[in-house]
Amino acid sequence: MSGTLNKVMLIGHLGDEVKMHYFEGGGSIGRFPIATNETYTNKSTGERVTNTDWHNIVVRNKAAEICEKYLSKGDKVYVEGRLKNRQWQGEDGNTRYSTEVHVQDFTFLTTKKEGMQNNGGAAPSQQKPVSTESRTPSKSSAPVSQEDDDDLPF
């Protein structure tokens, strides 16, 4: 096969609130960290060891606004996207590097707000994936009004 693949799938907990940045053209970007854990038993000591990895997540435009509205620190989320490496000049003059996951699809697995709405933590309803890819409406679809904006698919 001559093609390449750059795909990341993570299930983890938000380590902080979604930080939003808005641009003049109306676009927006949301950034937040996700923690994933690996747990194993040390064979020599019998002790359970947990290693946590932190991942920088980037979501754009409408998907970023949805994440900001519904996610908060500690919520569990599934994200799927591509790895991107970024480089910039720090205030001290040193070159800095960062690896980010640019999200294409995501699913909220648990949210604190949802738990409060479900009578104090009842089992959440089945979640549907949300795609950040824009879809062109078919000719037969009706225009979306502002009122329909809050009717999210999850």
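Residues numbered from 1 in each chain as written. Predicted model: local features only at pLDDT ≥ 70, side-chain atom pairs only at ≥ 80, totals over all residues. Heavy atoms only, no water.

A separate point is the pairing of strand β4 (residues 48-60). Of the strand pairs in this sheet, strand β3 (residues 28-41) and β4 are connected by 13 bridges, and their pairing is antiparallel. What sits directly across from Arg-31, in β4, is Val-58. Turn length for the β3-β4 hairpin, with the two strands adjacent in sequence and antiparallel, is 6 residues, and the turn residue Gly-46 shows positive phi of about 75°. With 3 bridges joining them, β4 and strand β6 (residues 95-110) adopt parallel strand pairing. Its bridge partner lying in β6, Asn-56 is registered against Glu-100. (Pairing = 2+ DSSP bridges. Helix = DSSP H or I, 4+ residues; strand = E, 2+ residues; numbered from the N terminus.)

Core analysis: the biggest nonpolar cluster contains 20 residues, and Phe-32, Ile-57, Val-59, Cys-67, Leu-71, Val-79 and Phe-106 have the highest contact counts within it. Only β1 (8-14), β3, β4, α1 (61-70), β5 (76-89) and β6 provide two or more residues apiece to this core. Residues contacting Val-79, with those up to four places away along its chain left out, are Val-8, Met-9, Leu-10, Ile-34, Ile-57, Val-103, Asp-105 and Phe-106. (Core = buried A, V, L, I, M, F, W, Y, C linked by side-chain atoms within 4.5 Å. Buried < 20%, exposed > 50% of the residue type's maximum accessible area, 1.4 Å probe, protein only. Contact = heavy atoms within 4.5 Å.)

Turning next to α1. All of the buried residues along α1 are Ala-63, Ala-64, Ile-66 and Cys-67. The buried side chains of α1 occupy one side of the element, clustering within an arc of 160° when seen end-on. (Arc of directions from axis to C-beta.)

Tracing the backbone through its elements, the reader meets Lys-73 in the loop between α1 and β5. For the pair Lys-73 and Leu-14, spaced 59 residues apart in sequence, the C-alpha to C-alpha distance is 5.0 Å.

Our focus in this paragraph is the packing of aromatic side chains. Each aromatic ring pair is summarised here by two numbers: the centre-to-centre distance and the angle between the ring planes. Under the criterion given, the structure shown has 2 aromatic pairs. The interplanar angle of 40° and the centroid separation of 6.4 Å between the aromatic rings of Tyr-70 and Phe-108 together place this pair among those described as tilted. Linking Tyr-70 in helix α1 with Phe-108 in strand β6, this pair joins segments that are 38 residues apart in sequence. For Tyr-70, a relative accessible area of 23% corresponds to the partly exposed category. Plain terms: the ring middles of Phe-106 and Phe-108 are 5.4 Å apart, the flat faces sit at 35° to each other, and that makes the pair tilted. Taken as a pair, Phe-106 and Phe-108 share a single burial class, namely buried. Every member of this aromatic cluster is reached through a ring pair, and the members are Tyr-70, Phe-106 and Phe-108. Over the aromatic face of Trp-88 sits the side chain of Arg-86, whose NZ or CZ is 4.7 Å from the ring centroid. (Phe/Tyr/Trp six-rings, centres within 6.5 Å; stacked < 30°, edge-to-face > 60°. Lys NZ or Arg CZ within 6 Å of the ring centre and 35° of its normal.)

Of the residues in the chain, 71% have a pLDDT of 70 or more, and the chain-wide mean is 81. Within the model, pLDDT remains below 50 along residues 119-128, and this stretch shows 15 contacts once partners closer than five positions in the same chain are excluded. (pLDDT = per-residue confidence, 0-100.)

Our focus in this paragraph is the environment of Asn-42. Within the secondary structure, Asn-42 is located in the loop between β3 and β4. Accessibility expressed as a relative area gives 25% for Asn-42, which makes it partly exposed. Residues in contact with Asn-42, not counting those within four places in the same chain, are Glu-47 and Val-49.

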